[in-house]
Amino acid sequence: MTGQPWLAATFAVVMIGTAGYCLTRLAVSWRGSRPTDRQVDGMHVLMGVTMAGMLVPQLRLLSAGRWEIIFAACAVLFMYRIARAAASRWRSHDVQHLLGCAAMLYMLVFLAPLAAPRTGSAAISMLGAAAPDSAVPLMLAVALLGCVVWTADRMSSIARVAQLTAGQSRVAAAPVPLSPRLSACCEIATGVTMGYMLITMLT
Amino acid sequence: MTSQVADAWRRTPVVPAAAAPAATVPAAPDMTRGLQLVLAVLWLLDAVLQFQAVMFTPGFARTLGATAHGNPAVIAAPIAWSARLIEQHAVVADAGFAAIQLLIGLGIAWRPTIKVALGASIAWSLGVWWLGEGLGSLFNGTASPANGAPGAVILYGLLAVLLWPPRAGQRTSYAAAGRIGAQPARLLWLVLWGGLAGLALAPATAAPRALSTMIAGMSGAEPAWLARIDGQLARLLSHHGGTAAVALAILLGLIAVGIYLPEPARRPVLALAILAAAGLWLAEGLGGILTGAGTDPNTGPLLALLAIAYWTPSRPDREAASAGATGSGAAGVSRA
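This text gives an overview of the structure that appears in the document. Being a predicted model, the structure only gives us computed values, none of them experimental.

Once that is clear, we can look at the overall build of chain B. When you go through chain B residue by residue, the secondary structure sums to 15 helices and zero strands. Per-residue burial over chain B gives 53% buried out of 336 residues. When contacts within chain B are restricted to residue pairs at least 6 apart in sequence, those whose partners lie at least 24 apart make up 72%. By element, 71% of the accessible surface of chain B is carried by carbon and sulfur atoms, the whole surface being about 13,500 Å².

So this is what it looks like as structure tokens:
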């Protein structure tokens, strides 16, 4: 089973764009005073870079094994966030990221060993053979697409930056957060790309 | 700082209630919306399945073209024409198909575009039902409830009609009746399940070894566990195919007329419909989605979703939905 190299490259470009944008958010947040959820933005940067590397081998930054450790750490972080917030209120947002980490780990474990860099062909072309059971990537893909739909559903209830600014003018002059809607768009982009990669694993 | 943004992401509490425009207040989820979101997930799944490598080959177009066989010329000619066109431009056409399905899924999920996306999904479903599924093989004598009749894609269109957002203040007992009303919704149910019952008695299903051959044919590229299940099912039916088809027709017929039962008796019928959908899905080999060559999960999940759309929530659920719909300004399923 082979993926379309141009399609893998297209998704890789989207992922690089997402990672770049989230990196910019982090930079703006650190340099300026505009808050953002740094852990989530950082997560999008990591996911974007990793997936781009899996889609196009030439873009791979780290050797096999290191990304697994990073995403395992991210999974622990989001588990901690969920546990910490469990007493107060349900945070589906963090569950979504935990699921993303699990999917990344799954793909790294079953994709990366086979997806050795090859000239001119997408790494995605090697997917599938290592997966123990094609039902697992399918279930992960469906769950991630569910998260994408959930995020898109709530998009219209997330305030625009202009509304946040208007709100700030009435209260104390607190810093205006970076656009939560664009953060949600990054969520959707990474979710769809991950769904595509998992479906490509089906034998 | 982090929690402040997380809050903004979640529900915009950064904006004081007085400053926030009404549109930013999150709408409480109701049953109709929940089902719309499930439909959106299915469209997105279809989109990523359409991105599979095999779809970009001329073989995909030939599969579409094969649905023309046995159909009347007036139906077959446009199918053959579109299959030729897709074969000549396989990559562009398939990328376009996947993109359309992706946009429909996201459009249904994003509230401001839901009506446009549902409308587009109806048009798309009708087009694909004809040009991609040969009208579900209804006119060439090979349609069977066990092989995906009346065509998965037409069920997407039907669900779009049934789950169309209800008018403000419109109150119905179940989601499927939200916009079109209870009587038309029941009639559509009767036609669909009654039609499936009729197809179960047609030779394509009721011939002695038809069901077992059909199910055995699904298990080719399936994972071992699913091939084993389908293989055993096929062996079981190989000697009792005709009886099984009659039993299936009776079951589907009961489901069809059961929608007219009063509320307490209707629930078991809907539960039976969900079970029947699950059984048909197994017989369909889960629509071939685990083979790397499936374009959609076939009719099983859609029939189950349809049954849930006719499910009347219990009283406390209805009251909660009603309160949610009132609080959000969104019209949803409330009470009978």
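What follows is about the packing of helix 13 (residues 263–283) of chain B against helix 14 (residues 299–309) of chain B. All names here are of chain B. With their axes 8 Å apart at the nearest point, helix 13 and helix 14 run at an angle of 175° to one another. The orientation of helix 13 relative to helix 14 falls into the category roughly antiparallel. On helix 14, the residues that touch Leu-270, Ala-273, Ile-274, Ala-277, Leu-280 and Trp-281 of helix 13 are Gly-300, Pro-301, Leu-303, Ala-304, Ala-307 and Ile-308. Of the residues belonging to the contact of helix 13 with helix 14, the class tally is eleven nonpolar, one polar and no charged.

Below, the discussion takes up unusual backbone geometry. All names here are of chain B. A cis amide bond links Ala-149 with the next residue in sequence, Pro-150, at an omega value of 5°. Tracing the backbone through its elements, the reader meets Pro-150 in the loop between helix 6 (114–131) and helix 7 (152–162). At Ser-137, a position not held by glycine, the phi torsion is positive, near 60°. Structurally, the position occupied by Ser-137 is in the loop between helix 6 and helix 7. Not every positive phi belongs to a glycine, and Asn-298 is a case in point at roughly 65°. With respect to the helices, strands and loops of the structure, Asn-298 is situated in the loop between helix 13 and helix 14. By relative accessible area, Asn-298 is classed as buried at 13%.

Residues and elements named next belong to chain B. Within the secondary structure layout, Thr-213 lies in helix 10 (residues 210–218). Residue classification places Thr-213 among the exposed residues on the basis of a relative accessible area of 52%. For the pair Thr-213 and Gly-65, spaced 148 residues apart in the sequence, the C-alpha separation amounts to 23 Å.

All right, on to helix 2 (residues 31–50) of chain B then. Spacing of three or four residues puts side chains on the same side of an α-helix, whose turn is 3.6 residues. Residue and element names in this part refer to chain B. For helix 2, with 20 residues, the first-to-last C-alpha span of 29 Å sits near the 28 Å given by 1.5 Å per residue. Buried residues dominate helix 2, accounting for 17 of its 20 residues. Capping the start of helix 2 is the job of one residue whose side-chain oxygen sits 3.1 Å from the backbone nitrogen of Thr-32: Asp-30.

Now for the packing of aromatic side chains. The tally for this structure, following the rule as stated, stands at eleven aromatic pairs over all chains. Between the aromatic rings of Phe-11 of chain A and Phe-51 of chain B, the centroid separation amounts to 5.6 Å while the plane-to-plane angle is 85°, which identifies the pairing as edge-to-face. Of the two residues, Phe-11 of chain A is situated in helix 1 (residues 5–31) and Phe-51 of chain B in the loop between helix 2 and helix 3 (58–66); the pairing between them involves two chains. With a centroid separation of 5.3 Å and an interplanar angle of 35°, the aromatic rings of Trp-189 of chain B and Trp-193 of chain B are classed as tilted. Residue Trp-189 of chain B and its partner Trp-193 of chain B are located together in helix 8 (residues 182–200), separated by four residues, close to a single helical turn. Taken together, the aromatic side chains of Tyr-174, Trp-189, Trp-193 and Tyr-310 of chain B make up a single cluster linked through ring pairs.

Parameters at a glance
- Residues numbered from 1 in each chain as written.
- Chains lettered and ligands numbered in written order.
- Predicted model: local features only at pLDDT ≥ 70, side-chain atom pairs only at ≥ 80, totals over all residues.
- Heavy atoms only, no water.
- Helix = DSSP H or I, 4+ residues; strand = E, 2+ residues; numbered from the N terminus.
- Buried < 20%, exposed > 50% of the residue type's maximum accessible area, 1.4 Å probe, protein only.
- Contact = heavy atoms within 4.5 Å.
- Areas by Shrake-Rupley, 256 points an atom, 1.4 Å probe, with all protein chains shown as cover.
- Axes fitted to C-alpha atoms, helices over the stretch in contact; angles between N-to-C directions.
- Parallel < 35°, antiparallel > 145°, perpendicular 65-115°, else oblique.
- Nonpolar A, V, L, I, M, F, W, Y, C, P; charged D, E, K, R; others polar.
- Expected span 1.5 Å × (residues − 1).
- Polar contact = N/O pair within 3.5 Å; in protein donor to acceptor, adjacent residues only side chain to side chain.
- Phe/Tyr/Trp six-rings, centres within 6.5 Å; stacked < 30°, edge-to-face > 60°.

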